[in-house]
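One letter stands for each residue in the lines below.
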Amino acid sequence: MTNDSIRKKMRFPDFDYAAQGCYFITIVTHQRLCLFGFIHEGNMILNEAGVMINNYYQSIEERFPKVTIMESVVMPNHFHCMIFCNKDNTDDIPKIIDYFKSSTTDAYIHGVKEKGWRPFHQHLWQRTYWDDIIWNGRQFEFVKNYIALNPYRWQKDNINVQHDIDVDHILWKLKTLR
């Protein structure tokens, strides 16, 4: 049995991820390395690599003109964002995230070689990413606030390897809002 056959399926089966709608995405660094800055008094302080991550997110609309980027936050070891696919969109979320991950990886490797950024082992990002389709206004408002408050709640974030015992349970909350 291969890792691929036992790997949890992350996407909704038979769902068109190019369909009009809003998507909540989380991408985590490989081995949860904190490479993009640090949290100070509830605020995310981006280093040069974190600024690069944010800049690539901002460029998504140029590369994929039928999507709209929305709220986002670069965290020390992960990235949250909301992406809206417009009515006539033909590029699906996996293609957009693949572009983002490969472009930021290439730029990060350049930063390691040319600017002395902290190296990573094998991969910048985890192989997969997490997404949820935002089904309604309640979920939209929850995700928007979750992204905005993510730096403030860093100690309760289970992606933080040094999180408090009491962590946020975002998956459960999103399901209750459907």
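Positions within a chain are numbered from 1, following the residues in the order the chain's sequence is written. With the structure being a predicted model, the display of local features is reserved for residues of pLDDT at least 70 and the display and counting of side-chain atom pairs for 80 or more, all residues being used for whole-chain, interface and lining totals. Side-chain measures were taken over the full set of non-hydrogen atoms in the model, leaving aside hydrogen atoms and water.

S.K.: Looking at this structure, how should I read the overall build of the protein chain?
M.R.: For the protein chain, the count of helices and strands is six helices and six strands. Helix numbers and strand numbers start at the N terminus; a helix is a DSSP run of H or I with at least 4 residues, a strand a run of E with at least 2. The secondary structure elements of the protein chain, listed N-terminal to C-terminal, are α-β-β-β-α-α-β-β-α-β-α-α. Note on contacts: a residue pair qualifies if any of its non-hydrogen atoms lie within 4.5 Å across the two residues. A fraction of 70% describes how many contacts in the protein chain between residues 6 or more apart in sequence connect residues 24 or more apart.

S.K.: Hey, could you run me through the pattern of salt bridges in this one?
M.R.: Side-chain pairs of opposite charge can arise where the charged atoms are in close proximity. We define a salt bridge as a side-chain nitrogen of Lys or Arg found within 4 Å of a carboxyl oxygen belonging to Asp or Glu. One pass over the structure, following the stated rule, counts two salt bridges. The partner of E48 in a salt bridge is K115, with the nearest N and O atoms 3.2 Å apart. Of the two residues, E48 is situated in helix 2 (residues 48-58) and K115 in helix 4 (residues 93-115); the sequence distance between them amounts to 67 residues. Classification of E48 by relative accessible area gives partly exposed; the value is 46%. Judged by its relative accessible area of 45%, K115 falls in the partly exposed class. Residue K95 is joined to D91 by a salt bridge in which the shortest nitrogen-to-oxygen separation is 3.0 Å. Note on classification: 1.4 Å probe, protein chains only; a residue is buried when its accessible area is under 20% of the maximum for its type, exposed when over 50%, partly exposed between these limits. On the basis of relative accessible area, K95 is assigned to the partly exposed category, the value being 45%. Given a relative accessible area of 15%, D91 falls into the buried group.

S.K.: Sorry if this is basic, but what is going on with the environment of H121 here?
M.R.: The topology assignment puts H121 in the loop between helix 4 and strand 6 (130-134). Residue classification places H121 among the partly exposed residues on the basis of a relative accessible area of 45%. Expressed as a C-alpha distance, the spacing of H121 and H30, which sit 91 residues apart in the sequence, is 7.8 Å.

S.K.: Can you help me understand the sheet that holds strand 5 (residues 78-85) in this one?
M.R.: Within a sheet, each strand pairs with its neighbour through backbone hydrogen bonds, oriented either parallel or antiparallel. Spatially, four strands are ordered 4-5-1-6 in an open sheet, and the strand pairing comes out antiparallel. Taken across any chain shown, the strands that pair with only one partner, and hence form the sheet edges, are strand 4 (67-74) and strand 6. Across the sheet, the mean angle from the axis of one strand to that of its neighbour is 20°, orientation sign disregarded. Bridge analysis of strand 4 against strand 5 gives six bridges, and the strand direction is antiparallel. The residue of strand 5 that forms the bridge with V74 is F79. Packing against the sheet, helix 2 makes contact with strand 4 and strand 5, and its axis sits at approximately 165° to strand 4. Only the contacting stretch of a helix is used when fitting its axis, a line to C-alpha atoms as for every element, and angles between N-to-C directions run 0 to 180 degrees. Packed onto the sheet, helix 4 meets strand 1 (21-28), strand 4 and strand 5 and runs at close to 35° relative to strand 1. For two strands to be treated as a pair, DSSP must find no fewer than two bridges joining them.

S.K.: Can you help me understand the nonpolar core in this one?
M.R.: Here is a general trend for soluble globular proteins: nonpolar side chains tend to be buried in one another's company. Here, the term nonpolar core denotes a set of buried Ala, Val, Leu, Ile, Met, Phe, Trp, Tyr and Cys residues that are joined through side-chain atoms within 4.5 Å. Counting residues in hydrophobic clusters, the biggest one holds 33 residues, and the most contacted among them are I25, F36, I60, F79, I83, I93 and Y108. Of all the elements in the fold, those that place two or more residues in this core are strand 1, helix 2, strand 4, strand 5 and helix 4. Excluding residues within four positions of it along the chain, I93 makes contact with Y17, Y23, I25, I83, C85 and Y129. In terms of nonpolar packing, the next biggest core, distinct from the first, is built from eleven residues, C22, V143, I147 and W154 among them.

S.K.: Teacher, can you tell me more about the packing of aromatic side chains here?
M.R.: Two aromatic rings, taken as a pair, are described by how far apart their centres are and by the angle between their planes. Any two of the Phe, Tyr and Trp rings considered here, Trp counted by its six-membered ring, make a pair once their centres fall within 6.5 Å; the pair's planes then place it as stacked at under 30 degrees, edge-to-face at over 60, or tilted in between. Across all of its chains, the model carries twelve aromatic pairs by this definition. Judged by centre distance (5.9 Å) and plane angle (35°), the ring pair of Y17 and Y23 falls under tilted. Y23 matches Y17 in its accessibility class, with the two residues each being buried. Where F100 meets W125, the ring centres are 6.1 Å apart and the plane angle is 40°; that geometry is what we call tilted. Separated by 25 residues along the polypeptide, F100 in helix 4 and W125 in the loop between helix 4 and strand 6 bring together distant segments of the chain. Owing to a relative accessible area of 1%, F100 belongs among the buried residues under this scheme.

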